[in-house]
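Structural features, examined
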Amino acid sequence: MTEHDGGPGREGAPSQTLSRALTLLETVVEAPEPPTIADLADGLGVHRSVAYRVLRTFEAHGLLRRDGLGRVHAAPGLAVLARRVEQDLRAAAMPHLTAVSTDLGMTAFLVVWDGAHCLTLATAEPPSGNLVTQRPGTRHPLGVGAPGMAIAVALPGQEWVRLHGDAPPERPELEDVRERGWAVSTDEVITGVSSVAVPLQAPGQLPAALAVVYATRPEDPARLGDRLEQAARAVAAEFGAA
């Protein structure tokens, strides 16, 4: 029995090798600039030869690639794997995200619950306006920022405990979100950036939220929240919600 198997009597322990590989993959996808093998090895705390073997495996499967300078990029194979992830929810939301983005002149996006985090699944950018980019695949903690608070409200506490194993995040603002139907945040995830989000509860789908993000300036969050609520109701209706 090797360390990669978790050792005797640890059948429920995660695979160290798989965890290391997935961490490398996540690092590449989330890095602001394409990393080198040395960067990846340092981030994982392993020798470069170990990072290289993991990278070569992902290259062989078309999930990562290296450019002429040795920097590592996400490869087209990742898009193939991801195309089925919450496909119905993403397809239903996109027309409404596009309409919201055009109406408000802001980036609109769909966020879904992802364990202790929320994950941006789809984004629509306006043809012009106060543009702040929100990349698909962006992840931040549940309960943080407007989208994180909106999803925390959409996820029943008992369901959070069943799926995650501990109590859901709590903050005083969550009660306000439940009462008025939308969340607002400024400087919580990115300094100088504000966001407004509403819960999206579609039958048979993951707890989610629709949100807009914009460079902080005077805005009426209730106006933005109302527009997002219209879109959320329209998306949920496509899944049979009353």
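Our subject is the structure listed above.
The text that follows walks through the structure, step by step, so that each part is easy to find. None of the values given here were measured: they were computed from a predicted structure. (Residues numbered from 1 in each chain as written. Predicted model: local features only at pLDDT ≥ 70, side-chain atom pairs only at ≥ 80, totals over all residues. Heavy atoms only, no water.)

So, the packing of aromatic side chains
As a reminder of what qualifies: The aromatic pairing rule takes the rings of Phe, Tyr and Trp, using the six-membered ring of Trp, and pairs them if the centres are within 6.5 Å, calling planes under 30 degrees apart stacked, those over 60 edge-to-face and the rest tilted. Think of it as a cone above the ring: NZ of Lys or CZ of Arg counts as a charge over the ring if it is within 6 Å of the ring centre and within 35 degrees of the ring normal.
Across all of its chains, the model carries 0 aromatic pairs by this definition. Arg180 extends its terminal NZ or CZ atom over the ring of Trp182, reaching a point 4.1 Å from the ring centre.

Focus on the packing of helix α6 (residues 145–154) against helix α8 (residues 173–180)
The cut-off we apply is this: What counts as an axis is a line fitted to C-alpha atoms, over the stretch in contact for a helix, and the angles between N-to-C directions run from 0 to 180 degrees. The helix and strand labels rest on DSSP assignments: H or I over at least four residues marks a helix, E over at least two residues marks a strand, and numbering proceeds from the N terminus. Any angle from 65 to 115 degrees is called roughly perpendicular, while one under 35 is roughly parallel, one over 145 is roughly antiparallel, and all others are oblique. Working rule for contacts: check all heavy atoms of both residues, and any pair within 4.5 Å makes them a contact.
Taken N-terminus to C-terminus, the directions of α6 and α8 make an angle of 70°; their axes are 10 Å apart at the nearest point. Taken together, the axes of α6 and α8 lie roughly perpendicular to each other. The segment α6 lies against α8, with Met149, Ala152 and Val153 engaging Glu173, Leu174, Val177 and Arg178.

Remarks on the sheet that holds strand β8 (residues 208–215)
Consider a sheet: its strands pair through backbone hydrogen bonds, and that pairing is either parallel or antiparallel. Rule in force here: DSSP bridges decide pairing: two strands pair if at least two such bridges lie between them.
Here we have 6 strands laid out as an open sheet, ordered β5-β4-β3-β8-β7-β6, and antiparallel in their pairing. The open sheet has two free edges, formed respectively by β5 (139–141) and β6 (183–186), since each of these has just one partner strand. The sheet shows a mean angle of 30° between the axes of neighbouring strands, taken without regard to direction. On top of the sheet, helix α9 (residues 221–237) reaches β6, β7 (193–200) and β8; it is set at about 35° to β7, its chief contact.

A few points about helix α3 (residues 48–60)
Each α-helix winds once per 3.6 residues, and so residues spaced three or four apart point in a common direction. The criterion, for reference: Multiply 1.5 Å by the residue count of a helix minus one, and that product is the helix's expected span. Only protein chains enter the accessibility calculation, which uses a 1.4 Å probe; a residue is then buried when its area is under 20% of its type maximum, exposed when over 50%, and partly exposed in between.
For α3, spanning 13 residues, the distance from its first C-alpha to its last is 18 Å, which sits close to the expected 18 Å at 1.5 Å a residue. Of the positions making up α3, those classed as buried are Val50, Ala51, Val54, Leu55, Phe58 and Glu59. Against the buried residues of α3 lie α1 (16–30), α2 (37–44), β1 (64–66) and β2 (72–74). Residue Gly62 follows α3 closely and has a positive phi angle near 70°.

What to know about the pairing of strand β4 (residues 117–124)
Summarising burial for β4: 7 of the 8 residues are buried, a large majority. Relative to β4, strand β3 (residues 107–114) is paired through 7 bridges, and the arrangement is antiparallel. Along β4, the bridge assignment pairs Trp113 with Cys118. If you look at the hairpin formed by β3 and β4, you'll find 2 residues sitting between the two strands, and Gly115 has a positive phi there, around 70°.

So, the environment of Thr186
Rule in force here: The definition of a polar contact used here is a pair of N or O atoms within 3.5 Å, where within protein one atom must be able to donate a hydrogen and the other to accept one, and adjacent residues in sequence count solely through side-chain atom pairs.
Structurally, Thr186 can be placed in strand β6. Spatially, the C-alpha atom of Thr186 lies 9.3 Å from that of Ala215, the residues being 29 residues apart in sequence. In this view, Thr186 contacts Val193, Ser194 and Thr216; residues no more than four positions away in its chain are not counted. In terms of polar contacts, Thr186 uses its side chain to reach the side chain of Ser194, at 2.9 Å.

As for the side chain of Glu59
With respect to the helices, strands and loops of the structure, Glu59 is situated in helix α3. On the basis of relative accessibility, which here comes to 17%, the residue Glu59 falls in the buried class.

Some thoughts on the pairing of β8
The element β8 is extensively covered by neighbouring structure, given that 7 of its 8 residues are classed as buried. Here β3 runs beside β8; their pairing, made up of 6 bridges, is antiparallel. Bridge pairing links Thr107 to Val213 in β8. Bridge count for β7 against β8 is 8 bridges, and the pairing is antiparallel. The residue bridging Val198 from the neighbouring strand is Leu210, located in β8.

What to know about the packing of α2 against α3
Stated precisely, the cut-off is as follows: Residues are grouped as follows: nonpolar covers Ala, Val, Leu, Ile, Met, Phe, Trp, Tyr, Cys and Pro; charged covers Asp, Glu, Lys and Arg; every other residue, Gly included, is treated as polar.
Between α2 and α3, the least distance of the axes is 8 Å, while the angle of their chain directions is 110°. Of the possible angle classes, the one that applies to α2 and α3 is roughly perpendicular. Here Ile37, Ala38 and Ala41 of α2 lie close against α3, whose contacting residues are Arg48, Ala51, Tyr52 and Leu55. Of the residues contributing to the contact of α2 with α3, the split by class is 6 nonpolar, no polar and 1 charged.

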